[in-house]
Amino acid sequence: MFGAFLFCIITVMKRNTQKPEGQPTRGKTAANRLRRVDNFILLYEPALLTRTDGLFSDSLFVDLGYGFDARTTLESAVRFRRANATLRILGVEIDKERVEAALPFADEQTFFRLGGFNLPLASGEHVRLIRAFNVLRQYEEKDFAPAYERLAEYVLPGGLMIEGTSTPFGSLWAANLVRCVGAGQWSFEALVFSTNFHAGFDVEEFQTILPKNLIHRVVKGEPIHDFFEAWKRSAAETAAAKTFGLQQWFAASVEALAQKGFDVDRHRKWLGKGYLIWYL
Ligand SMILES: C[S@@+](CC[C@H](N)C(=O)[O-])C[C@H]1O[C@@H](n2cnc3c(N)ncnc32)[C@H](O)[C@@H]1O
């Protein structure tokens, strides 16, 4: 009994004293920058936030790299707790001062800890969802796969990671949606693009905010290059729809993309809100 207790204490100590993996980067953030990311998750798989089966009961939503203050984590707490009032939320930062700045906002369900891709979890804690936004953008492409492999170790089978890049106020973003299948295994489920149309609709703008694994790959011979060429062609072919509004044009361009053989979601619930989901 005492041995088991000691083992637990040592495990927690080990996890909390391990060196955070990664590097501190610029901490810029903005109010409601990630609102559309959260709204996307709430629409895509609300059960992920509410399920209580097995290890999902009490499992965490992790906001990795929340930035110079904790506003994005706290905003998500409000949004997600409308769906699940007891959701436990962990904000992780690799920058010690940013953790200290966030700690006054912690409570029994909201935690802020120093850590990196090797998440600072206590013994018995599990993760249902990781959101990492505008974090890997400042890394090199070679850092992408090891970071995903490490993060996936913590996510419950069936859980998700959403990792991507946005414009400064979040009006445009692109993200990898990754399904974890257990034991650090994961697979790309979709590439998601989002726009609130505040900056108009220009397919090329999405190229500038691609996730780290894709941003240097928009070159001939790469699938992401073919995708963008086809989407640009589709937008040109459907430009007449612009007269009915940017949402209509966006939706028509995605319809045309589907007709070219791309597995994109054509449901109005996505297109009408400015989300393009490309299933991989
Ligand atoms: C640009 S801010 C993004 C803030 C917020 N997620 C947003 O999108 O507005 C990136 C933050 O990620 C943190 N960061 C970078 N690498 C990290 C890692 N491996 N683990 C935890 N935090 C990390 C940086 O210290 C920085 O504060």
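Residues numbered from 1 in each chain as written. Predicted model: local features only at pLDDT ≥ 70, side-chain atom pairs only at ≥ 80, totals over all residues.

Draft legend 1. Region of interest: the pairing of strand 5 (residues 155-166). Within strand 5, 10 of the 12 residues are buried, which leaves it mostly tucked inside the rest of the structure. Inspection of the sheet shows strand 4 (residues 127-133) paired to strand 5 by 6 bridges, in the parallel sense. Paired with phenylalanine 133 across the two strands is glycine 164, which belongs to strand 5. The handedness of the strand 4 to strand 5 crossover, carried by helix 6 (residues 144-152), is right-handed. Bridge analysis of strand 5 against strand 6 (residues 172-182) gives 7 bridges, and the strand direction is antiparallel. Each bridged residue has a counterpart across the sheet, and for glycine 164 the counterpart in strand 6 is alanine 175. (Buried ≥ 20, exposed ≤ 12 C-beta atoms within 10 Å, placed from the backbone. Helix = DSSP H or I, 4+ residues; strand = E, 2+ residues; numbered from the N terminus. Pairing = 2+ DSSP bridges. Right-handed = clockwise from strand over helix to strand, strands pointing away.)

Draft legend 2. Main features of the sheet that holds strand 4. The strand order 3-2-1-4-5-6-7-8 describes an open sheet built from 8 strands, whose pairing is mixed. Strand pairing shows two members of the sheet lacking a second neighbour, strand 3 (110-114) and strand 8 (275-279), which therefore form its edges. In this sheet, neighbouring strand axes are inclined to one another by 20 degrees on average, regardless of whether the strands run parallel or antiparallel. Here strand 6 pairs with strand 7 (residues 185-195) via 10 bridges, running antiparallel. (Axes fitted to C-alpha atoms, helices over the stretch in contact; angles between N-to-C directions.)

Draft legend 3. Structural detail: the site of the ligand. Around the ligand sit 25 residues in total, of which Gly22, Gly27, Thr29, Gly65 and Gly67 are the nearest. Tallied by class, residues from the shell around the ligand come to 9 nonpolar, 10 polar and 6 charged. (Near = placed C-beta within 6 Å. Nonpolar A, V, L, I, M, F, W, Y, C, P; charged D, E, K, R; others polar.)

Draft legend 4. Highlighting the nonpolar core. Counting residues in each nonpolar core, the largest one holds 74 residues, and the members touching the most others are Val62, Ile130, Met161 and Val192. In this structure, methionine 161 is in contact with Ile130, Leu151, Ala152, Val155, Val178 and Cys180, ignoring residues within four places of it in sequence. (Core = buried A, V, L, I, M, F, W, Y, C linked by C-beta atoms within 7 Å. Contact = placed C-beta atoms within 7 Å.)

Draft legend 5. Seen up close, the confidence of the model for the chain. Residues at a pLDDT of 70 or more form 94% of the chain, whose mean pLDDT is 94. Residue range residues 1-14 is modelled with pLDDT below 50. Its contacts to residues more than four positions away, or to other chains, number 4 contacts. (pLDDT = per-residue confidence, 0-100.)

Draft legend 6. Structural detail: the environment of leucine 64. Tracing the chain through its elements places leucine 64 in strand 1 (residues 60-64). In this structure, the C-alpha to C-alpha distance between leucine 64 and leucine 119, residues 55 residues apart in sequence, is 8.6 Å. Leave out the neighbours within four places in its chain, and leucine 64 touches Val92, Ile130, Arg131, Ala132 and Val135.

Draft legend 7. The arrangement of the packing of helix 2 (residues 35-44) against helix 4 (residues 71-83) in detail. At a minimum axis distance of 10 Å, the contact between helix 2 and helix 4 shows a crossing angle of 20 degrees. For the element pair helix 2 / helix 4, the angle class is roughly parallel. In terms of crossing hand, the pair formed by helix 2 and helix 4 is right-handed. Side by side, helix 2 and helix 4 meet where Arg35, Asp38 and Leu42 of the first sit next to Glu75, Ser76, Arg79, Phe80 and Ala83 of the second. Partitioned by chemical class, the residues of the contact of helix 2 with helix 4 number 3 nonpolar, 1 polar and 4 charged. (Parallel < 35°, antiparallel > 145°, perpendicular 65-115°, else oblique. Left-handed = near helix turned anticlockwise from the far one by under 90°.)

Draft legend 8. Structural detail: the environment of glutamate 45. The topology assignment puts glutamate 45 in the loop between helix 2 and helix 3 (47-50). On the neighbour-count criterion, glutamate 45 (17 C-beta atoms within 10 Å) is partly exposed. Residues glutamate 45 and aspartate 58 lie 13 residues apart in sequence; the distance between their C-alpha atoms is 17 Å.

Draft legend 9. Structural view of the packing of helix 9 (residues 223-237) against helix 10 (residues 246-259). At a closest axis distance of 8 Å, the pairing of helix 9 and helix 10 adopts a crossing angle of 125 degrees. With respect to helix 10, the axis of helix 9 lies oblique. Crossing geometry of helix 9 relative to helix 10 is assigned as right-handed. Facing Ala230, Trp231, Ser234, Ala235 and Glu237 of helix 9, the residues of helix 10 in contact are Ser253, Ala256 and Leu257. Considering only residue class, the contact of helix 9 with helix 10 consists of 5 nonpolar, 2 polar and 1 charged.

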